[in-house]
Amino acid sequence: MKRNLIIGAALFFTGLLANAQTTITLKDKSSEGQIIPKEIYGQFSEHLGSCIYGGLWVGPESDIPNQDGYRLDVLNALKELKVPVMRWPGGCFADDYHWRDGVGPQEQRTKISNNNWGGTLEDNSFGTHEFLNLCEILGCEPYISGNVGSGTPAEMAQWVEYMTSDSNSTVADERRKNGREKPWDVKYFGVGNEAWGCGGNMTPEYYSSVFRRYATYLRDYNPNHGLYKIASGASDTNYKWTQTCMDAIGKHMQAIAVHYYTCQGWDGSKGSATSFTPQEYYWCLKKAIDIEPCVKRHIAIMDAVDPKGRIDLLVDEWGTWFDEEPGSTPGHLYQQNTMRDAMVAALSLNIFHKYTRRIKMTNIAQVVNVLQSMILTKGNQMVLTPTYHVYEMYKVHQDAEFIPLDLKTGEVGMDKSMVPAISATASRKDGVVNVALANPSLDRKQTVLLSWESLKSTKGVSLKNARVLTSKNVQDYNDFGQEPKVAPKAFKDFKVTKEGVEIVLPACSIVTFAL
Ligand code: AHR
């Protein structure tokens, strides 16, 4: 009760700070062919908690309906998202993973202790074949993270050969013997993960040399494209890491991947995923949008070393990181997902779109049952999280032309945690302009006037497929066995005027539509 009163009072005061009117002009005449690569909508799956086992994979003998061992409900939900790329097997797990443990007859696979994540027994029943076949079913590109920390260059080189060579080498024949005749199409390959931490506690100088050594033996077997080698990049604002790798690795890599989590701190409490104050809500959004100055600075460093933009920046882990749900297995990073997470997803994607000249892929952590998931499962039940719905509403932006916009808005928030009153993005594909607007205010609706540079008359202008994602309470989440509390609904609160389109966004909402 007391907590509710505090929340109520706090909301009243933030309301007073809110700016009620926003104008957005789509600079559709000035867009310069900048494409939002579909890989911005990438996913990440790690051998961590129930992401793989119970989340993606239940095995062919399971009572849970499955297709060759992959849970059908999860498969179908992911197909809806048009997942473009999936990273695997880690994460920290990658630098402890020896790929031969996970190929060959199931009964002969090596059992190990997953030392990064709770010491859980890993029976390796999900390995290279199971992952790459999953990608083929989903129609997504695989992104493999190789083991630098505890593996050898030969082990990594042979993994690439095993997956992608069509020769009659012993390694390629080993794959055939294990049931796969043709090589898989693997393009993205990470040379280690978090080399500054769980991937070997290296310095950037040392890692750069290690990268060059390992990458030398990763051959191109696919006649259609080379292997796209990804260096393990900085955590957040470790600009020295980026500078050193750019200087020292240079042409040996195709991309460098930073990690950025919206997390209150690495030691101690990270806060509850579902029970939080307005202050914590705005703090979280502010931390999420602080990724913008962070990537800008990484990009500036890259621009100076690589002005032609040959090397890409990836954000191959990002998202919210809260305390594990009470009662869940320690070390499994299982957290629920509310409208707050949806807002973080929308604000982050809006930022990523802006920097797609350099940022070519992002992978939210993680796809099922870990951190800011798309999907949660419990036994044979599944729920789609609010974050899932943002990805579904935003999928129209995949491979679309980015439209810059002129946004005039105020700020909302509390204390030092102020964020723009409206966040927006727009893109064009096949003659259709898709717009997404987010109103982060907990208590104030926002009126937005949307117009566009090429606008001569609004006659005949209409909004199609307008939807809104919001909920009664920002702490609402979708739970097992209950009607979903957070799901997109048809949106009607807009009108076409002479000046453009006037849209009224409810408090704490995300609205998407086509023009
Ligand atoms: O996503 C969870 C963990 O976060 C990953 O394994 C690691 O790379 C990062 O520290």
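Here is a short report on the structure shown in this document. (Residues numbered from 1 in each chain as written. Predicted model: local features only at pLDDT ≥ 70, side-chain atom pairs only at ≥ 80, totals over all residues. Heavy atoms only, no water.)

## So, the overall build of the protein
- Scanning the protein from terminus to terminus reveals eleven helices and 28 strands.
- Its C-alpha atoms give the protein a radius of gyration of 23 Å, within 12% of the compact-globule value 24 Å for 515 residues.
- Dimensions of the protein, computed from C-alpha atoms along their principal axes, come out at roughly 70 × 50 × 40 Å.
- Per-residue burial for the protein yields a buried fraction of 59% across its 515 residues.
- Pairs at least 24 apart in sequence give 76% of the contacts found in the protein among residues at least 6 apart.
- Taken as a whole, the protein presents about 20,400 Å² of accessible surface, with 51% of it coming from carbon and sulfur. (Helix = DSSP H or I, 4+ residues; strand = E, 2+ residues; numbered from the N terminus. Rg over C-alpha atoms; globule rule 2.2 N^0.38 Å. Buried < 20%, exposed > 50% of the residue type's maximum accessible area, 1.4 Å probe, protein only. Contact = heavy atoms within 4.5 Å. Areas by Shrake-Rupley, 256 points an atom, 1.4 Å probe, with all protein chains shown as cover.)

## Observations regarding the sheet that holds strand E11 (residues 228-235)
- Ordered in space as E3-E6-E9-E10-E11-E12-E13-E14, the eight strands form a closed barrel in which the pairing is parallel. The sheet shows a mean angle of 30° between the axes of neighbouring strands, taken without regard to direction.
- With three bridges joining them, strand E3 (residues 42-44) and strand E14 (residues 359-365) adopt parallel strand pairing. Bridge pairing in E14 places Gly-42 opposite Asn-363.
- Lying on the sheet, helix H9 (residues 291-305) is in contact with E11, strand E12 (255-263), strand E13 (312-321) and E14; it crosses E13 at an angle near 160°.
- Those strands touched by helix H10 (residues 339-354) are E12, E13 and E14, and its axis lies near 165° from that of E13. (Pairing = 2+ DSSP bridges. Axes fitted to C-alpha atoms, helices over the stretch in contact; angles between N-to-C directions.)

## Describing the site of the ligand
- Every one of the 14 residues lining the ligand counts as a neighbour, but Glu-46, Cys-92, Glu-194, Tyr-261 and Glu-317 are closest to it.
- Within the side chain of Glu-194, a nitrogen or oxygen atom sits 2.8 Å from an oxygen atom of the ligand.
- In isolation the ligand exposes 280 Å². Once the protein is present, 94% of that is buried.
- For the shell around the ligand, the secondary structure elements donating two or more residues are E12 and E13. (Near = heavy atom within 4 Å. Polar contact = N/O pair within 3.5 Å; in protein donor to acceptor, adjacent residues only side chain to side chain.)

## What to know about the packing of aromatic side chains
- Enumeration over the complete set of coordinates arrives at 22 aromatic pairs.
- Seen from their ring centres, Trp-57 and Phe-126 are 5.7 Å apart, and the 70° between their planes marks the pair as edge-to-face. Of this pair, Trp-57 sits in the loop between E3 and strand E4 (66-67) while Phe-126 sits in the loop between strand E8 (120-122) and helix H3 (128-138), and the two are 69 residues apart along the sequence. Here Trp-57 matches Phe-126 in class, with each residue buried.
- Taken together, the ring pairs connect Trp-57, Tyr-70, Trp-88, Phe-93, Tyr-97, Trp-99, Phe-126, Phe-131, Trp-159, Tyr-162 and Phe-189 into an aromatic cluster.
- A cation over a ring is seen here: Arg-87 above Phe-44, with NZ or CZ 4.7 Å from the ring centre.
- Note that Arg-340 overlies the ring of Phe-276, its terminal NZ or CZ placed 3.7 Å from the centroid. (Phe/Tyr/Trp six-rings, centres within 6.5 Å; stacked < 30°, edge-to-face > 60°. Lys NZ or Arg CZ within 6 Å of the ring centre and 35° of its normal.)

## A look at the nonpolar core
- Grouped together as the largest cluster of nonpolar side chains are 124 residues, with contacts concentrated most on Phe-189, Tyr-207 and Ile-510.
- Per-element tally for this core: the top contributor is H10, with ten residues.
- If we skip the residues at most four places from it in the chain, Phe-189 touches Tyr-143, Ile-144, Gly-146, Met-156, Trp-159, Val-160, Met-163, Leu-218, Leu-227, Tyr-228, Lys-229 and Ile-230.
- Judged by nonpolar contacts, the second largest core, of 21 residues, contains Val-448, Leu-450, Val-501 and Val-511. (Core = buried A, V, L, I, M, F, W, Y, C linked by side-chain atoms within 4.5 Å.)

## Overview of unusual backbone geometry
- Going from Gly-90 to Gly-91, the amide bond is cis rather than trans, its omega being 15°.
- Tracing the chain through its elements places Gly-91 in the loop between strand E6 (85-88) and strand E7 (112-114).
- Here the amide bond leading from Ala-365 into Gln-366 is cis, since omega sits at -5°, within 30 degrees of zero.
- By the element assignment, Gln-366 lies in the loop between E14 and strand E15 (375-378).
- In the Ramachandran plot, Asn-465 falls in the positive-phi region, its phi being about 50° despite a non-glycine side chain.
- With respect to the helices, strands and loops of the structure, Asn-465 is situated in strand E24 (residues 464-469).
- Of note in this structure, Cys-508 is not a glycine but carries a positive phi near 45°.
- Residue position: Cys-508 is located in the loop between strand E27 (501-505) and strand E28 (509-514).

## As for the packing of H10 against helix H11 (residues 386-394)
- In the contact formed by H10 and H11, the axes pass within 7 Å of each other and the chain directions differ by 35°. The handedness of the crossing between H10 and H11 is right-handed. Each of Met-339, Asp-341, Ala-342, Ala-345, Ala-346, Leu-349, Asn-350 and His-353 in H10 lies in contact with H11, whose residues at this interface are Pro-386, Thr-387, Val-390, Tyr-391 and Tyr-394.
- The residue inventory of the contact of H10 with H11, partitioned by class, reads nine nonpolar, three polar and one charged. (Left-handed = near helix turned anticlockwise from the far one by under 90°. Nonpolar A, V, L, I, M, F, W, Y, C, P; charged D, E, K, R; others polar.)

These results come straight from atomic positions and should not be treated as a statement about function.
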